[in-house]
Each structure stands twice: as structure tokens, then as C-alpha cells.
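One-letter residues, chain by chain:
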Amino acid sequence: MKSNQTLVTIAVTLLLLACCTHSASQPRPVAAPTPDVAGGVASTAMPDCSLVEPDLNSVLWMQTSAEYQALTEEIYRWGKKMLVEAAKDPGWSAATEQETTAGKSPAVILDIDETVLDNSAYQARLLKHHENHNDDRFQLFRDEAVSRAINGAVDFCRFAQGQGVTVFYITNQRASMEKVVRDNLNKLGFPIDDQVDTVLVQGEREDWNSSDKTSRRRFVSDKYRVILLFGDDLNDFVPANGKTLQERSALLERYRDYFGKKWFMIPNPTYGSWERSVLGKPGLPKCEQIRIKNEALRTDEKQ
């Protein structure tokens, strides 16, 4: 009898050991996600950063939100009111490069990408295919001439032309892209002067090889009285490339009174010199970019 009990005990012990060994060799199941307080699903772990697309909401907002459409419409509508006021004042200039306004006819200067042309479809392609921007990819997109007009931009430019104001476009696209950019602008109904070169691209002249637009603004202001500037980047108004976040804030403070009067900023949350100021240098791996951007976030939490 004791012998049988001993055999039973040994068998049970071996079975338990086998079960424990089997469990230890299997991967632990991932805990099921639990609903968060907002009714969504809270992640149990940080996702693989290769699957994270930091620009997803930004591009989606530009393409789908009524708020973005209303905002750009509002900016250009206000710009029309200020253009009328500025055109009447012979001493009015919006260009810091302007040395004299005497006897000069009025002009406005607008950036192109994300100021008058909406290239969010290009950003969407990068997101869809998990690709990073490079000049060759953008050249292929630009060659299709499928960029749409920013809401309110065509109406403003036509209004300016109707008021006898010459419309200039300054872009950091390469000289090789000038024709297709012109074609895209023409197709959308933007006014382009047949007698004067009003689309000024990077590299078109020897002293226009830099992304700094100062020399091109000076080129316009030498012949015209620049009454308004439009852009989506601080560099469209003053030299801002390579500036730190603190230096950019100082520029904003210095020229605060220009915005909404002589300068008009179109929102662009997807890219720009502001992003380079946060990252510090170009070409960082996506995971490193995400880490740096997370560290730069301000939460205002009490320590």
C-alpha cells in the first residue's frame, strides 16, 4: 500500500515539474489593453518607434480640418484689408531690406510651399510608405504638378493684382523646378507677370544659392515698395536659418508689431526651420528625432 502511495506521489511531482518547465519555456502573453478614461484603448507598452509617424496628425489636420481651411481663409482675407491700407501709404514697407520707398510701385512677396501651394499630399505619401523626405522624391512629386492652392491664396493674389500690386513668389525650390512650379501656379489661377520674372527660385542667380531669402527680398525691394510678406516659416520674413529657439523667440519679440499688419504667417505644423532648431542637426534617425522631440515637450508639471 505504501509502495503504491509513493509511486502516486512521484508521478504527481513529475507532472508538476513538467508543467512548470513548459510554462517557463513559453513567451509570456501580452496583457490585453485596457480602456482608458476617455473610452479609447490605452497601450501597455511603447510601440516600436519604426511604426510611429510623428507627422500623422499634422498632415491629417491640414487635409481634413475645417479649422485649417478657416484659418488660412481668415489670414488672406485680413491681408486684403491691410493691402488696401498699405498701398495708400507711400512710406509703408514690410521688407527689412527696403532702403527707400520713394517713387516705387507696390508689390507683395509670398512664399510658395505651404503658403500658396498645399503639398500635404507629398507629406501623406511619405507617411503611407514610411519614407523620409529627400530632394529626388520631392522632384518626382513636383513634376506631377498636383499641388493644390491654399485656401484664400488665389483670391488674395488676384485681388492684389487688381489693385495694381505686383505679386512676387519666392521659393527655395531648385532652379530645375521653376517651370513645373510656374505651370502649377498657372493651372490654379495664380497671377504671374508675363513681362517681369516674379517667380524667384533658389540658385536662379549667383547670389541666390542660399536658402536665406534676404538677397531675393532685396532684389524685389530695389525696384518695388514691398508692402506685405506672406510665409509659413520665420525665414520668409527675416534670416532665421540656424537660429536657436531662444534666438527665434528674440526675433519674434523684435518684430512682434509686424505680424498681422505687414507680415502674415500661414500655419505649417509638418516641417520648417522651427523643427531643425529643435533637432539641432539634419539627418537624424527617426527614433532619435522622436526622443529629442519628446524631451523638448513642455508639460508644466509641478516638481
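In case you missed it, the structure is sitting above this.
Just so we're clear, the structure is a prediction, and the values are computed from it rather than from any experiment. Starting afresh in each chain, residues are numbered from 1 along the sequence in its written order. Whole-chain, interface and lining totals are the exception, using all residues; otherwise, since this is a predicted model, local features are given only for residues with pLDDT of at least 70 and side-chain atom pairs are given and counted only at 80 or more. To obtain the side-chain values, all non-hydrogen atoms of the structure were included, while hydrogens and water were left out.

S.K.: What is the right way to read the packing of aromatic side chains from this model?
M.R.: When we look at a pair of aromatic rings, we describe it by the centre distance and by the angle of the planes. For Phe, Tyr and Trp, where Trp contributes only its six-membered ring, two rings pair if their centres lie within 6.5 Å, and the inter-plane angle classes them as stacked under 30 degrees, edge-to-face over 60, or tilted in between. If you walk through the whole model with that rule in mind, you get 17 aromatic pairs. Taking the centre distance of 5.7 Å and the plane angle of 65 degrees together, the rings of Phe237 and Phe259 count as edge-to-face. Of the two residues, Phe237 sits in the loop between strand 8 (225-231) and helix 9 (245-254) while Phe259 sits in the loop between helix 9 and strand 9 (263-265), which places them 22 residues apart along the sequence. Partly exposed residues are those whose accessible area sits between 20% and 50% of the maximum for their type, while under 20% is buried and over 50% is exposed, using a 1.4 Å probe and protein chains only. Exposure remark for Phe237: the relative accessible area of 0% places this residue in the buried category. Measuring from ring centre to ring centre gives 5.4 Å for Phe259 and Trp263, while their planes differ by 85 degrees; the resulting arrangement is edge-to-face. Trp263 sits in the buried class, given a relative accessible area of 1%. Members of the aromatic cluster, connected to one another through ring pairs, are Phe237, Tyr255, Tyr258, Phe259 and Trp263. Only Lys NZ and Arg CZ are tested; either one counts as a charge over a ring when it is within 6 Å of the ring centre and within 35 degrees of the ring normal. Its end group placed over the ring of Phe159, Lys80 keeps NZ or CZ at 5.2 Å from the ring centre. Between Lys262 and the ring centre of Trp92, over which it is positioned, the NZ or CZ distance is 5.4 Å. Runs of H or I in DSSP of at least four residues are treated as helices and runs of E of at least two as strands, each being numbered from the N terminus.

S.K.: Help me out: how do you make sense of the sheet that holds strand 8 in this one?
M.R.: One requirement defines pairing of two strands: DSSP has to find at least two bridges between them. A sheet is described by the order of its strands in space; here five strands give the open sequence 7-6-3-8-9, paired in parallel fashion. One side of each edge strand has no neighbouring strand; the edge strands of this open sheet are strand 7 (199-202) and strand 9. Each strand of the sheet is rotated relative to its neighbour by a mean of 20 degrees, with strand direction disregarded. Contacts are assigned to residue pairs with any non-hydrogen atoms lying within 4.5 Å of each other. Axis angles are defined between N-to-C directions and span 0 to 180 degrees, where every axis is a line fitted to C-alpha atoms and, for a helix, only to the segment in contact. Helix 3 (residues 66-88) contacts strand 3 (106-111), strand 8 and strand 9 of the sheet and is inclined by roughly 170 degrees relative to strand 8. On top of the sheet, helix 7 (residues 178-188) reaches strand 6 (166-174) and strand 7; it is set at about 145 degrees to strand 7, its chief contact.

S.K.: Mind showing me how you'd approach helix 4 (residues 120-128) here?
M.R.: Each full turn of the α-helix corresponds to 3.6 residues, which orients residues three or four apart in the same direction. Turning to helix 4, its buried residues are Ser120, Tyr122, Gln123, Ala124, Leu126 and Leu127. For helix 4, the secondary structure elements touched by its buried residues are helix 2 (56-64), strand 4 (117-118) and helix 5 (135-144).

S.K.: I keep staring at the pairing of strand 7 and nothing clicks. Help me out?
M.R.: On any regular strand, side chains alternate: one points to one face of the sheet, the next to the other face. As judged from the four bridges shared by strand 6 and strand 7, these two strands associate in the parallel manner. Bridge pairing in strand 7 links Thr171 to Val201. Crossovers are described as right-handed under a simple rule: with the strands pointing away from the observer, the path leading from the first strand over the helix to the second runs clockwise. Running through helix 7, the crossover from strand 6 to the neighbouring parallel element strand 7 is right-handed.

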